[in-house]
Amino acid sequence: MDHLYWLDQIQPSQRYLVGDNPFYLSQMAQQGYPVLPGFVLAAPALREFLETYPWEEPLFAELLSSSVHLNVDDTRQLKAIAQHIREEMMAAELSKQWINDLAIAAEQLSSPGLILSPSVTLPKNTPTPVKFSGLVESYVCLCDPEEIALGVLQTWAELFRARSLLYWQRSRIELRSLNLAVLVQPLHRAITSGTLTYTQAHCEIQSTWGLALSIKLGQAIPDFYQIEFDRGNAIAQILGNKHLGYDLRLNSTPPDELTAETSLLNPYSCLQPYLVSDEQQQEFSLKPQQLEKLGAIARNLGTHLDRHFILEWTLAKATELSPEQIYITGVEVGNLFPCLEIPSPLDPPPAPKSAPLTAPEGEGMPQIIVGTGAAKGVAAGLAYCITSTNEVLENIPPGRILIAQEIAPHWLHILRQAAAVVTESGGMTSHAAILAREFGIPAVVGAAKVTQAIATATEICVNGDTGEIFVLPAGTIQPSPARSPNPIVIEPHPMPLPESDPLTASFSQPFPTATQLFVNLSHPSSLDRIADTYLDGVGLLRSEMMALEIFQSEDPYQWRDRHKNQEFIHRISDPLKRVAEFFFPRPVFYRSLDLRGYDLPAMRSPGQTSINPNRSAQTLGVHGAFSYLLDPALFDLELETLAKLQQEGLTNLRLMIPFVRTVEEFIFCRNRVQQFKLDSVRDFQLWIMAEVPSALFLISDYVQAGVQGISIGTNDLTQLLLAADRENQQMSRVFDPRHPAVMRAIHQLIQMAKAAGIPCAICGGAPTRYPETIDTLVRWGIDGISVEPEAIARTHQAIARSEQRILLETARPDSGDCPF
């Protein structure tokens, strides 16, 4: 068979035939890295199969050779077409010669099971940034000729799923331009598996027992390690919650109740889940020497590549008598702009294994600037660099990629029109990051000196997943004549469609969960994005962004002195009313103003005459509930606004008091609430944000004082517990809400709220940024989880899966214990 390429023999000229993942793996294998062996069924095989198979319908022979246009807006028709194509492909047969050649090659891998991974590539001149991760699935099969043939057909059919067809069309990619190869690797019995993420700033490893499928399906919270570059040892590690593992199922016995959730998942039907022992659950899945080896691999490869990459790895035994060995099973190099054909540093001329890996001569590499990915997605377009806060912002054309030292909160209207945003300062909880996630645009923060490196009108590509900004050659972006010259924006995940995929279909229709799902909002302009989502309400309606649109860049206390109170009430009522009406009768938790100095540089604290420019002093200074004690005027205007909307019938509004340090502060706020008679409405509730560590010792006192619920703010709680400024890019390694101290604090708050008989929710950034924490929160009994709009779908799925697993594990007495 002419289309088979052994993984350790692929040449640079064959990269387009096999795809990037097999190509990089091959180059790494040839340089001596421990790559899991395998072979590739190259992309021309699919084209030859489609063109030569005796189809009853001529359409199939031309699927990858003609310009097929589908009406992707008609989801019912799209689903029907996709299902028909896939059913016909699955009913087809490979030639006996192909089956024989594949079987002979597979036998040389000496494994009872195989994993078939699709590898998609585009033509070199395709002007579209594309990420294929998560779009096409891998398949697992037994090492049997008929099983292998069926697995190949299944993998090829991934190209024609409804979600894939939608993605190709929306990305303006014609089917005839796609190439799909299949990487075939042995599936050994895995001891532990996971991922390794490398950036210029840090190296992180995640691991779990068995195959990494439990992580992918959200059924395990992996162990987490942060690795020191110099020595490879762990400088931070967090024990996960690894109660379920996966291994190869070598027989056709009907699945037992443990496999009930996964038995219909066709890609993994050959895998068998198993319960991890209690002893193993309390152990880290990697030993120090194994961490050191992974760290050494990352360090050496990082030196060669000099860019972000993610490795998939497994610790396995090829046979019962073989020693344990770490194998690299997949690699994703930090370049999601494949149309540029950025030369691989792993494309060396023949050289000794010790020689440095260099790019071919004569091929330039686009400039890459690295920051922290703060909002997922990829966008390419023209940059607009804001170098002065005095710059007139009204003249910024829509669809530009904003670049600035930091994003001021009153730039809200500019951000809504942007394709992406890049800042020099700030972290995952900065205004730029929060607003970008809410508006659904990519964002990179902490990109040092980016305003000096990129000028206005420069063509760039921003990757919010990896934190990379690519400076593109002029003329790379060619807008379609039929469209307006807007940038190309690729959603972080393909749009879900109801099709014959049990995992997707089971969560495509809204259904209730015991754990309530809420959304975090800053502005009513985000309502259109969540119109069709399943939600129990708004868990956090940030008041600051709506108020700062009123104040613009002026000190709010000076603004108040110059304007009538009714003007503020009128202007804040409109956005608040829109949100409350949209969700009525579901609750909307409005968080009163928590203005800090970095929200408005011109703002003075109540009673002060000078501005304190120190960010840390502002974080620990006068804001939140304490600022109301010093000057309650703005807080009173908010309460009057809520009372006005209650009288208009919007009785679903609730109030959350931010940054409450003491019981006395809460009592002051409660008394003001009672003065405006907000509590006379039956459904009204008064909550506090549990984000100051003093809450860990005062919940019962707060409840006695009248607190009716708490919502855990993980951003402030983390920075105060770990003494790590959340806005300081240098502290990003330390600012981690998964730290045992933070997780134990969250667990304690949940338990104290339960003991006091009040609800406890969480609205900080942890569940959005680290979805693996959701299973732990549900097991601990959290009443509600509130996330950013982009995380609604995956959070709903994670909650539902967790609750289903808890039902299956009711016999386990320790399921609710804190593992931290």
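This text follows the structure it describes.
Please read all numbers here as calculations on a predicted model, not as lab measurements.

Cut-off values and rules
- Every chain is numbered independently, its residues counted from 1 as its sequence is written.
- Under the rules for a predicted model, residues below a pLDDT of 70 receive no local features and side-chain atom pairs below 80 are neither given nor counted, while totals for whole chains, interfaces and linings still include all residues.
- Note that the side-chain values use all heavy atoms of the structure and ignore hydrogens as well as water.
- Under the DSSP-based scheme used, a helix requires at least four consecutive residues in state H or I and a strand at least two consecutive residues in state E, with every element numbered from the N terminus.
- Categorising residues by exposure relies on relative accessible area from a 1.4 Å probe, with only protein chains included: less than 20% of the type maximum marks a residue as buried, more than 50% marks it as exposed, and the intermediate range marks it as partly exposed.
- Any two residues having at least one pair of non-hydrogen atoms within 4.5 Å are treated as being in contact.
- Using a 1.4 Å probe, accessible areas were evaluated by the Shrake-Rupley method; residue-level cover was limited to the displayed protein chains.
- Strands are labelled as partners when DSSP assigns at least two bridges between them.
- Orientation is described by axes fitted as lines to C-alpha atoms, over the contacting stretch for helices, and by angles from 0 to 180 degrees between their N-to-C directions.
- Patch construction takes residues with relative accessible area above 30% that form no salt bridge. Like charges are linked within 9 Å, and nonpolar side chains (Val, Leu, Ile, Met, Phe, Trp, Tyr) are linked within 5 Å.
- For this document, the term salt bridge refers to a Lys or Arg side-chain nitrogen within 4 Å of an Asp or Glu carboxyl oxygen.
- Here Asp and Glu are counted as negative and Lys and Arg as positive; His is not counted, and neither are the chain ends.
- Each charge is placed at NZ for Lys, CZ for Arg, CG for Asp and CD for Glu.
- Here, the term nonpolar core denotes a set of buried Ala, Val, Leu, Ile, Met, Phe, Trp, Tyr and Cys residues that are joined through side-chain atoms within 4.5 Å.
- Take the residue count of a helix, subtract one, and multiply by 1.5 Å to get its expected span.
- Note on angle classes: values under 35 degrees are labelled roughly parallel, values over 145 roughly antiparallel, values of 65 to 115 roughly perpendicular, and the remainder oblique.
- Gly counts as polar in this scheme, as do all residues outside two lists: the nonpolar Ala, Val, Leu, Ile, Met, Phe, Trp, Tyr, Cys and Pro, and the charged Asp, Glu, Lys and Arg.

A. Examining the overall build of the protein chain more closely. The number of helices and strands found in the protein chain is 28 helices and 30 strands. Going through the 820 residues of the protein chain one by one, you find that 57% of them count as buried. Put simply, of all contacts in the protein chain between residues at least 6 apart along the chain, 70% involve residues at least 24 apart. For the protein chain, the exposed surface amounts to about 33,000 Å²; the carbon and sulfur share of it is 51%.

B. Inspection of the sheet that holds strand E4 (residues 139–142) at higher detail. Read from one edge of the open sheet, 5 strands run E1-E2-E5-E3-E4, paired in antiparallel fashion. In the strand order of this sheet, the two ends are held by strand E1 (4–6) and E4, each with one partner. Taking the axes of each pair of neighbouring strands and ignoring which way they run, one obtains an average angle of 25 degrees across the sheet. Pairing between strand E3 (residues 113–121) and strand E5 (residues 179–186): 8 bridges, direction antiparallel. Bridging from a neighbouring strand, serine 119 pairs with alanine 181 of E5. Contacting E1, strand E2 (39–41) and E3, helix H6 (residues 96–107) runs over the sheet at an angle of about 10 degrees to E1.

C. Representation of a negative patch on the surface. Taken together, the side chains of Glu93, Asp144, Glu146 and Glu147 make up a negatively charged region of the molecular surface. Classification of aspartate 144 by relative accessible area gives partly exposed; the value is 34%.

D. Main features of the pattern of salt bridges. Under the counting rule described, the total for this entry stands at 16 salt bridges. Where arginine 591 meets glutamate 544, a salt bridge forms, and the shortest distance between an N and an O atom there is 2.9 Å. Here arginine 591 is found in strand E25 (residues 588–591), whereas its partner glutamate 544 is found in helix H16 (residues 543–551), with 47 residues between them in sequence. Each member of the pair, arginine 591 as well as glutamate 544, carries the same accessibility label: buried. Across the pair aspartate 683 and arginine 682 runs a salt bridge, and its minimum N-O distance is 3.6 Å. Residue classification places aspartate 683 among the partly exposed residues on the basis of a relative accessible area of 34%. In this structure arginine 682 comes out as exposed when scored by relative accessible area, which is 78%. Taken together, the salt bridges that share partners define one network made up of Arg86, Glu158 and Arg161.

E. Structural detail: the nonpolar core. Residues Phe583, Ile657, Ile710 and Ile746 are the most contacted members of the largest nonpolar core, which totals 81 residues. Discounting chain neighbours no more than four positions away, the residues touching isoleucine 710 are Trp687, Ile688, Ala690, Ile699, Leu749, Ala753, Ile758, Pro759, Cys760 and Ala761. Within the second largest apolar cluster, 44 residues are counted, among which are Phe49, Leu102, Leu109 and Ala149.

F. Region of the structure containing helix H22 (residues 663–675). Here H22 is 13 residues long and its end C-alpha atoms lie 18 Å apart, about the 18 Å a rise of 1.5 Å per residue gives. Listed in full, the buried residues belonging to H22 are Val663, Glu665, Phe666, Cys669, Arg672 and Val673.

G. Representation of the packing of H6 against helix H7 (residues 145–157). The contact between H6 and H7 brings their axes to 9 Å, and the two run at 105 degrees. Judged by the angle between their axes, H6 and H7 are roughly perpendicular. Between H6 and H7, the contacting residues are Trp98, Ile99, Leu102, Ala103 and Ala106 on the first element and Pro145, Glu146, Ile148, Ala149, Val152 and Trp156 on the second. Looking at the contact of H6 with H7 residue by residue, the classes come out as 10 nonpolar, no polar and 1 charged.

H. Summary view of a nonpolar patch on the surface. A cluster of nonpolar side chains, Phe626, Leu629 and Leu630, forms an exposed patch at the surface whose accessible area comes to about 230 Å². Turning to its location among the elements, leucine 630 is positioned in helix H20 (residues 625–630).

I. Examining the sheet that holds E25 more closely. Read around the closed barrel, 8 strands run E23-E24-E25-E26-E27-E28-E29-E30, paired in parallel fashion. Pairwise comparison of adjacent strand axes, ignoring direction, gives a mean angle of 30 degrees for this sheet. As paired elements, strand E23 (residues 516–521) and strand E24 (residues 537–542) share 4 bridges and run parallel to each other. Within E24, the position partnered with leucine 521 by the bridge is leucine 541.

J. Quick look at the side chain of arginine 661. On the secondary structure map, arginine 661 appears in the loop between strand E26 (653–657) and H22. Buried and without a salt bridge, arginine 661 has glutamate 665 as its closest oppositely charged side chain, separated by 4.2 Å.

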